Structure formats: structure tokens, C-alpha cells
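Residue-level structural notes
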Amino acid sequence: MEYRRFGKTGESISVLTLGGMRFTHGWDPPRSHLPKTSIDNAVQTVRHALDVGINHIETAHGYMKSEHLFGLALDELKVPREQYKMMTKGAPMTADDTFRLVEEQLQTLRLDYIDFYGWHGINNEERLNAACKAGGPVEALLKLREQGLIRHIGFSTHAPLNILMKAIETDLFSFVNLHFYYFFQHNLPAVKLAGSKDMGILIISPNDKGGQLWNPSQKVEELCSPQSATQFNGRFCLSHPEVTTLTLGMHATEHFDSNLRMLENHQYSSETDQEIKARLDQPLEQLNSRCTYCLECLPCPENINIPEVLRFRNMLVAYDMRSFGKYRYNMLERKGHWFPGEFASHCTQCGDCLPRCPENLDIPRLLKETHHRLFNPRLWIKNKLFDWFGGIWKILKRILKKY
Ligand code: SF4
Ligand code: SF4
């Protein structure tokens, strides 16, 4: 295993992180009810991760059963506390909520202290201000750090680049969890800025949000040969010295081998890596009507996330990444600030965006075409039902709490 310094935290952590978002039945409420299948899955995965040298575990209060499962697994395996670093996250909106939440998380994780605490989801200006306001959550986290209950404070983000840069510029944080991978290099300036401020950088979901690379299109698979798509992408991320660690969605023992093989050659910009990258770059460079993700077309009065929709089009047309495009596109309109924007079908052809596009793209036509190719009505209905039941469950929980 390779270890890197996690920025100014000074801690040495493995370049592979064990994330806790995907344990078996991990998202089934209630959060503290732990079925045997979930426990077995967590215990086996944690044991295997530690055996292969992973020393960094990442979870969040928002990941339903995850903190409970890690707390139980680490206890059951009697793992010495100095053998691993624990990162968890939360998004409390006030100082009092912060103290309460961290106390609860320490109990759930069965720990005396948390190594890395990330404010979860600085995804827009409003949330940045809420987290960093005077007397607010981040100040409370600083107090908890003085008390030794938290060692280092950072944040995670799905925000547009300008907000991400602003959050880094506050100089309140020692690390950042962000999106950056081969198929989304737009956040490179944030990686560079965070690096210049000696912040640790964790890359969120490079295999999944990074293009569902565990299930690549035939074209991507061929372009990445002799590496797998996940191996190429992981190596691409690690070729940036500012990047400390990756969460690769490993939630079963069989998920580790391929990622470990990716680390066999620590020279991440080898001749082979460069050849693959040059091959992968070509289809995008040759693409007609390519959106460059410059963001100049925003805002759209219908709140269409034009650059993101057209990024899916780029990937679909250049790389045949249809299943990834469908997976992400159909998440629009249901993830709030985590993934904002309306479906492209809301375009009224008002033309506001057209003069702002330096590529002179026929944006309404491209949006319509992309919606037609990626929208999945059955998935949309399924998601709506899921959200509806989720909403009812939340209301029921609130009522039950009162009695
Ligand atoms: S033409 Fe469509 S995409 Fe462009 S600003 Fe108007 S509604 Fe938005
Ligand atoms: S202005 Fe044009 S190139 Fe830039 S993000 Fe919008 S559609 Fe893409």
C-alpha cells in the first residue's frame, strides 16, 4: 500500500480509502437496526481493508447505517485505535446542533475522537455561508477540536468551481473531498489551489460518478487497454501530487484486488498511462458541437444545468457512455443541492443562452437531443415513488419521535 501525507493535517493515510456508503442494506431505514447480512458485510470488508494496508475509513452521518456498522465492525474486530484514521461528516446548521451531532456520532462510532470531520456538502453559496457564519457550525467544530474530540476539520463538496474555490479560500479547512477524475477535470484549479494551501484532498467516487467505470462502454474499455477503465482513472487521479486518497466504492472483499493492482507501479504517468490518455483525449477533441463546460451560458431562466447536460452528451457521443448518462441524467430534479437542475425538456427556446456560448452551440437543439437519448421515464417514475415513500417515512419518523 502507498501512503501519502494528508496535507496540513500531517497524517499519513493510504491512497485507497475505505468508504462506507454501500454496505449491504446500508440505506434501509432505520439507521440503528443492523441486519446480520449488513454486519457480516461490514466486518469482512473492514477486516480485508485493514489486512491490505488501508488505514483510512470514510463515512458520514448522512449514510444511514454506515457509522453504526463501522462502530460495530471495528469493535468486533478489536482494531487498535492507532491502526486507522476515521473520517466522518455531518451538515449541522447551528453550533448547538454541531455539538449534539458530533456527540451522537462519537457514540455511534464508539470512538473517543474523530480524526477528520468534514462539513458535509458545501454545495452552494447558501450552504457555504451557513457552515462558516460567525458563531456557526465550523466555529463549533473548532471548539471541539480544542477539546480533542476532533483532530482536523475539512469539508466535502459537489459545488460549482467558483463556490469550491471560495470555500478553500476561507482558510478554515485542512482538507477537502471533491470531484475530480479523467471524465471531469473541470475542478483542476480547485485541486491546484487546495494543494497550494497544503490541504489534503480526497477524491469522491472516481469510479461511479466518474463515469460508472466499473461498467465501461466497450469503447472506453478498448481505449483504456491494457489497463481497466477504473485502473486508468485511479492512476490518472493519483498522478496529481496534490491528491491524497480515493474512495473507490469497495464494499466487498472481491472489490479490492483490481484496485490494488493499479498501485503496483507508483509511476502514475508512465508511458502506458500517457498513451492511454492520448487515445482517450482524441474522441472528445474531434467531437462536433463539443461543450467545453465554460459555464458562460448560465444562468438559464428555466434552471437547466446546461453544461452538465451537455457534458453527458459529450460522453455519450464521444465514448458511447449511454448507461452512465442515463444513470446521472435521470437523477436531475430529485437530488436538490447535491445535483441541481431541471430536465432539458424544460427548455423554452428563449435563446438567452445562445449569445453567451463561445462555441456557438445550438444549445436548445442539443438539449432536446440529449433529453431524448437519456431520459428514462420508467426510472423517473421509480425514483419519484422512492422519493415519495422516503418523504412519508421521514414524516412518520418525526411523528413517532413525539410519542
Ligand atoms: S434557450 Fe433553453 S437552455 Fe437556453 S436559456 Fe433559454 S430555456 Fe435555458
Ligand atoms: S457556454 Fe457553450 S460551451 Fe460553455 S458551458 Fe455553455 S453550452 Fe457549453
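Only a predicted model underlies this, so the values are computations on that prediction, with no experimental measurement involved.

Describing the overall build of the protein chain
Assigned secondary structure in the protein chain consists of 15 helices and 10 strands. Relative to the compact-globule value of 22 Å for 403 residues, the protein chain shows a C-alpha radius of gyration of 21 Å, a close match. When its C-alpha atoms are laid out on the principal axes, the protein chain stretches across 55 × 55 × 40 Å. The contacts of the protein chain with a sequence gap of at least 6 include a subset with a gap of at least 24, amounting to 75%. Counting every atom, the protein chain has about 18,600 Å² of accessible surface; 52% of that belongs to carbon and sulfur.

What about the domain arrangement of the protein chain?
Looking at the assigned domains, one finds that the protein chain contains domain 1 (3–276) and domain 2 (287–382). Put simply, the middle of domain 1 and the middle of domain 2, counted by C-alpha atoms, are 28 Å apart. In this complex, domain 1 contributes 20 residues to the contact, which on the side of domain 2 involves 14 residues. Where domain 1 abuts domain 2, roughly 1,600 Å² becomes buried across the two surfaces, and 58% of that area is made up of carbon and sulfur atoms. The largest contributions to the domain 1 side of the interface with domain 2 come from Phe183, Lys209 and Gln212, which together make up 29% of the buried area. Along the contact surface separating domain 1 from domain 2 lie 0 salt bridges. Ranked by residues supplied to the side of domain 1 that touches domain 2, first place goes to helix H8 (residues 218–224) with 3 residues. The residue inventory of the side of domain 1 that touches domain 2, partitioned by class, reads 6 nonpolar, 10 polar and 4 charged.

Regarding the site of ligand 1
Near ligand 1 you find 13 residues, and of these Cys300, Cys347, Cys350, Gly351 and Cys353 are the closest. Grouping the constituent residues of the shell around ligand 1 by class yields 8 nonpolar, 3 polar and 2 charged.

Focus: the site of ligand 2
Every one of the 14 residues lining ligand 2 counts as a neighbour, but Cys291, Cys294, Leu295, Cys297 and Cys357 are closest to it. Looking at the shell around ligand 2 residue by residue, the class counts come to 11 nonpolar, 1 polar and 2 charged.

Observations concerning the packing of aromatic side chains
According to the stated counting rule, one finds 19 aromatic pairs in the structure shown. An angle of 85 degrees between the planes, with centres 6.1 Å apart, marks the rings of Phe312 and Phe324 as edge-to-face. Of this pair, Phe312 sits in helix H12 (residues 306–319) while Phe324 sits in helix H13 (residues 322–329), placing them 12 residues apart in sequence. Residues Trp388 and Phe389 carry aromatic rings whose centres are separated by 5.2 Å and whose planes lie at 70 degrees to one another, so their mutual orientation is edge-to-face. You'll find Trp388 and Phe389 in the same group, each marked exposed. Taken together, the ring pairs in this structure connect Phe180, Tyr182, Phe183, Phe232, Phe236 and Tyr319 into an aromatic cluster.

Focus on a nonpolar patch on the surface
A cluster of nonpolar residues, Trp380, Ile381, Leu385, Trp388, Phe389, Ile392, Trp393, Ile395, Leu396, Ile399, Leu400 and Tyr403, forms a patch on the protein surface that exposes about 1,300 Å² of accessible area. Note on placement: Tyr403 falls in the segment after helix H15 (377–402).

Observations concerning the environment of Ala159
Here Ala159 is to be found in the loop between strand S7 (150–156) and helix H6 (161–169). Considering only alpha carbons, one finds Ala159 and Met321, 162 residues apart in sequence, at a separation of 23 Å. The residues contacting Ala159, other than those within four sequence positions of it, are Ile122, Asn123, Asn124 and Leu164.

Details of the pairing of S7
Most of S7 sits inside the fold, with 6 of its 7 residues counted as buried. Two strands pair when backbone bridges link them, and strand S6 (residues 114–120) and S7 are joined in this way by 6 bridges, in the parallel orientation. Across the sheet, residue Tyr117 finds its bridge partner in S7, namely Ile153. The pairing of S7 with strand S8 (residues 175–178) spans 3 bridges and is parallel. Bridging from a neighbouring strand, Gly154 pairs with Phe175 of S8.

Focus on the pattern of salt bridges
Counted by the stated rule, this structure contains 22 salt bridges. Put simply, Arg235 and Asp273 hold a salt bridge, and the shortest N to O gap is 2.8 Å. Within this pair, whereas Arg235 is found in helix H9 (residues 229–238), its partner Asp273 is found in helix H11 (residues 271–285), the two being separated by 38 residues in sequence. Residue Arg235 is classed as buried on the basis of its relative accessible area of 5%. Measuring nitrogen to oxygen at the nearest pair gives 3.5 Å for the salt bridge that ties Arg365 to Glu369. One end of the pair is Arg365 and the other is Glu369, both in helix H14 (residues 363–374) and 4 residues apart, which spans about a single turn.

Examining unusual backbone geometry
Each neighbour pair has its own omega, and for Pro29 with Pro30 the value is -5 degrees, a cis peptide bond. For Pro30, the location among the structural elements is in the loop between strand S3 (16–19) and helix H1 (36–51). At the junction of Ser225 and Pro226, the peptide bond is cis and its omega measures out at 10 degrees in the coordinates. In this fold, Pro226 is placed in the loop between H8 and H9. You will see that Asp198, though not glycine, has its phi angle at about 60 degrees, which is positive. Even without a glycine there, the phi angle at Asn360 is positive, about 50 degrees. Judged by its relative accessible area of 67%, Asn360 is exposed.

Examining H6
Listed in full, the buried residues belonging to H6 are Leu161, Ile163, Leu164, Ala167 and Ile168. Within H6, the buried residues cover an arc of 165 degrees as seen down the axis, which keeps them to one side. Next to the buried residues of H6 lie helix H4 (125–132), S7, S8 and helix H7 (188–196). Immediately beyond the C-terminal end of H6, within one or two residues, lies Asp171, with a positive phi of roughly 60 degrees.

Calculation rules
Residues numbered from 1 in each chain as written. Chains lettered and ligands numbered in written order. Predicted model: local features only at pLDDT ≥ 70, side-chain atom pairs only at ≥ 80, totals over all residues. Heavy atoms only, no water. Helix = DSSP H or I, 4+ residues; strand = E, 2+ residues; numbered from the N terminus. Rg over C-alpha atoms; globule rule 2.2 N^0.38 Å. Contact = heavy atoms within 4.5 Å. Areas by Shrake-Rupley, 256 points an atom, 1.4 Å probe, with all protein chains shown as cover. Domains from an automatic or database assignment. Buried area = accessible area lost by both parts, 1.4 Å probe. Salt bridge = Lys/Arg side-chain N within 4 Å of Asp/Glu carboxyl O. Nonpolar A, V, L, I, M, F, W, Y, C, P; charged D, E, K, R; others polar. Near = heavy atom within 4 Å. Phe/Tyr/Trp six-rings, centres within 6.5 Å; stacked < 30°, edge-to-face > 60°. Buried < 20%, exposed > 50% of the residue type's maximum accessible area, 1.4 Å probe, protein only. Patch = residues over 30% accessible without salt bridge, like charges linked within 9 Å, V, L, I, M, F, W, Y side chains within 5 Å. Pairing = 2+ DSSP bridges. Arc of directions from axis to C-beta.

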